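Understanding the architecture of this molecule
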Amino acid sequence: MPAPATSRRRLLAGSLGLALLAACGRPAPGDTDGAPAAGGFPRTVRHEAGETTVPAAPERVVALSDYLDLDLVLALGVRPVLYGFTDAWGSGNLPWQTEAGVAGLTRMDIPTSQAEPERVVAARPDLLVGMPPAGEQYDVLSRIAPTVCLGWETTWHDGLATVAAALGREDRVEGLAQRYRDTVATAAVRLRGLGGLPVVVGSTYHGQVYVQGDASPMVGLLRDLGLTVHTTGPDAVTEYSPEQVDVLRPAGVLLCPATDAAGTAAAEASELWRRLPAVAAGRYSVLSPVLARGLTENLSPLSVDWALRTLVPLLERTAAGDGVPLGRAGS
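Below: a short report on this structure. (Residues numbered from 1 in each chain as written. Predicted model: local features only at pLDDT ≥ 70, side-chain atom pairs only at ≥ 80, totals over all residues. Heavy atoms only, no water.)

Now for the packing of helix α1 (residues 68–75) against helix α5 (residues 156–167). Interaxial distance between α1 and α5 falls to 10 Å at its minimum, and their mutual angle equals 60 degrees. Relative to α5, the element α1 lies oblique. Between α1 and α5 the crossing geometry is right-handed. Each of Leu68, Leu72 and Val73 in α1 lies in contact with α5, whose residues at this interface are Trp156, Gly159, Leu160 and Val163. Of the residues in the contact of α1 with α5, the class split is six nonpolar, one polar and no charged. (Axes fitted to C-alpha atoms, helices over the stretch in contact; angles between N-to-C directions. Helix = DSSP H or I, 4+ residues; strand = E, 2+ residues; numbered from the N terminus. Parallel < 35°, antiparallel > 145°, perpendicular 65-115°, else oblique. Left-handed = near helix turned anticlockwise from the far one by under 90°. Contact = heavy atoms within 4.5 Å. Nonpolar A, V, L, I, M, F, W, Y, C, P; charged D, E, K, R; others polar.)

Turning our eyes to something else, we now look at the side chain of threonine 231. Residue position: threonine 231 is located in the loop between α7 (217–224) and β10 (237–240). Classification of threonine 231 by relative accessible area gives buried; the value is 17%. Here the side chain of threonine 231 touches aspartate 214 through a polar contact of 2.8 Å, side chain to side chain. Aside from chain neighbours lying at most four places away, what touches threonine 231 is Gln212, Gly213, Asp214, Val219 and Arg223. (Buried < 20%, exposed > 50% of the residue type's maximum accessible area, 1.4 Å probe, protein only. Polar contact = N/O pair within 3.5 Å; in protein donor to acceptor, adjacent residues only side chain to side chain.)

The strand order across the open sheet built from five strands is β5-β4-β3-β6-β7, with neighbouring strands paired in parallel fashion. For this open sheet the edge positions go to β5 (107–109) and β7 (147–149), each flanked by a neighbour on one side alone. Between one strand axis and the next, the sheet turns by 15 degrees as a mean value, whatever way the strands run. Pairing of strand β6 (residues 127–130) with β7, which is carried by three bridges, proceeds in the parallel orientation. Bridge pairing in β7 links valine 129 to valine 148. (Pairing = 2+ DSSP bridges.)

Written out as structure tokens, the structure reads:
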């Protein structure tokens, strides 16, 4: 999940000559594994930042970041001509995107999550798909090409429908959704409710305690897995002061996205943290930044297979009292 206070900066659009690299040994960026659904263009797509008219089936798509926007474009069988690489939380290249062939695509490095309009112009796109802060740049970006924005709290279900509508690939939505459901159902059988142990997803970030709530994609996934999840509110995440760490006491299993390694280490060293029942019982594990992304902002039909291959054995191990705190994360 993005840092609570992410730095923002405004960029002005410019123009550059085309400078795209073709991926060796793969279809060129912009190619797809099947033609878009026939007809239906022009069409108007409703999204987080408003409404956008897409005049024709897109052939040159830019994913403005490597969050849900890129996941959904790839899942729908489109290889973007350019994507934004954030390296959020030092997560590097995301393995499910690598499996989908992203290493052969042209990228722009955007550590602030702000797209570079000059690079976008040079890619000659006919559709842009992005996450916040693309919404903040919407006026600039939409002058380059039709722009569709997703929100941080957009579910993958809604995001998939939106991106599929913009691409003319609605015929793929149900197949992807069914694949997701099948993957989750198989994992649920293996977990069998973790014996009824309540799960809490709580972490520390820059000294504050965060608990993921009912709107969190990860909480929704855990519940789809048949697990009991304790939350403290309806929002995706709720912030508490360090002195309120007892909000994590209901956890039978405590999962901690370690997106702030130093903060997580400091928490683990504190007596208040060590006294939490789940921590004292060894039923506490950290989630790497990559896994945290796969279970939150990047949770999608593209990421779910990889995420569950990692999460399911971790849950089994943690519920058995052999949790993986930060100091044992490599074991």
